[in-house]
Amino acid sequence: KTDLLEVDINLLGGGITRAALVKYPIEIDQPENLFTLLAQTEERFFIHQGGLKSRGDAPDHRSPFTAAARDYRLAQSDEKMSVNLQWQAATGLVVTKRFTFTRGSYVVDIDYLINNGTLDQWNGRVYEQLQRTKESSRKGVVYTFTGAALSTPEKRYEKFDYDDLQDAALDVEVKDGWVGVLEHYFVSALVPPP
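Criteria and cut-off values
Residues numbered from 1 in each chain as written. Predicted model: local features only at pLDDT ≥ 70, side-chain atom pairs only at ≥ 80, totals over all residues. Heavy atoms only, no water. Core = buried A, V, L, I, M, F, W, Y, C linked by side-chain atoms within 4.5 Å. Buried < 20%, exposed > 50% of the residue type's maximum accessible area, 1.4 Å probe, protein only. Helix = DSSP H or I, 4+ residues; strand = E, 2+ residues; numbered from the N terminus. Contact = heavy atoms within 4.5 Å. Pairing = 2+ DSSP bridges. 1 Å grid on protein atoms, 1.4 Å probe; cavity = no way out; pocket = protein on both sides within 12 Å on 5 of 7 lines; lining within 4 Å. Points joined across faces, edges and corners; volume = space filled by probe spheres on them. Nonpolar A, V, L, I, M, F, W, Y, C, P; charged D, E, K, R; others polar. Axes fitted to C-alpha atoms, helices over the stretch in contact; angles between N-to-C directions.

For the rest of this paragraph, the subject is the nonpolar core. Generally speaking, soluble globular proteins have nonpolar side chains that are buried together. Within the largest apolar cluster, 25 residues are counted, with the highest numbers of intra-cluster contacts made by W87, L93, V95, F99 and F101. Contributing elements (two or more residues each) for this core: β2 (15-27), β3 (30-40), β4 (45-53), β6 (80-88) and β7 (93-102). In contact with F101, not counting residues within four places along its chain, are T2, L5, V7, I9, E79, K80, M81, V83 and V108.

Encoded structure:
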């Protein structure tokens, strides 16, 4: 928990399965009932997943991780907080998936720290994804556009309807861009490092 976010990270896969906005209750008279962007419930499925791809050992979004603690809270005196998840292969490869939260920011930085305890060179790449089911509406929320967005250097903001994406999948290679999901005045986005 931070000053702006309440986040659940699943140790199976190390993905974010809940992200609630502390400053945005659904109703003013019920401040404990927070607007939730990401959720994995019977009514709603919208989650973050990520991992590493490699020809050798690598943790993906289905791999079991461990954590040193069950709960993490950004202390009043701290500007940043890291949550480290660990995965280890029998070969000696150890991966730390680090989530970094910053006071006053909705950005969650995700880093992968590789400790190659094997004798072999390790090569791999990071992947991140947002998984979401199509919903017709959310209770208590006025309908607005819900769909995907893509930003590229050539076109800084382009919206895509889910039905259009089902008809023709989007397949682009972009440098210095981002992809996200728009929903009820909010966007959940994956922004890779430059």
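Attention now goes to the side chain of T100. Tracing the sequence through the fold places T100 in strand β7. Judged by relative accessible area, which is 11%, T100 ranks as buried. Apart from the residues within four sequence positions on either side, T100 is in contact with K80, M81, S82, V107, V108 and D109.

Bringing the sheet that holds strand β5 (residues 66-67) into the picture now. One open sheet accounts for four strands, arranged β5-β6-β7-β8; its pairing is antiparallel. Only two strands of the sheet have a single partner each, and these edge strands are β5 and β8 (108-116). With nine bridges joining them, β7 and β8 adopt antiparallel strand pairing. What sits directly across from L93, in β8, is N116.

A volume near 480 Å³ is recorded for the second largest pocket. V7, D8, R70, D71 and Y72 are, among the 19 residues lining the second largest pocket, the residues nearest its centre. Of all elements in the fold, only β1 (5-10) and β6 reach the threshold of two or more residues within the lining of the second largest pocket. The leading source of residues in the lining of the second largest pocket is β1, at five residues. Residue composition of the lining of the second largest pocket, grouped by class: eleven nonpolar, one polar and seven charged.

Quick look at the sheet that holds strand β12 (residues 178-183) now. With antiparallel pairing, the four strands of this open sheet are ordered in space as β11-β10-β12-β13. Looking at strand neighbours, the two that pair on one side only are β11 (158-161) and β13 (186-190), the edges of this open sheet. With direction set aside, neighbouring strand axes in the sheet form an average angle of 30°. Of the pairings in the sheet, the one linking strand β10 (residues 147-151) to β12 comprises five bridges and is antiparallel in character. Bridge pairing in β12 links S151 to W178.

This brings us to the environment of E79. In this fold, E79 is placed in the loop between β5 and β6. Placed 24 residues apart in sequence, E79 and R103 show a C-alpha to C-alpha distance of 5.1 Å. With residues up to four places along the chain from it excluded, the contact list for E79 reads L74, F101, T102 and R103.

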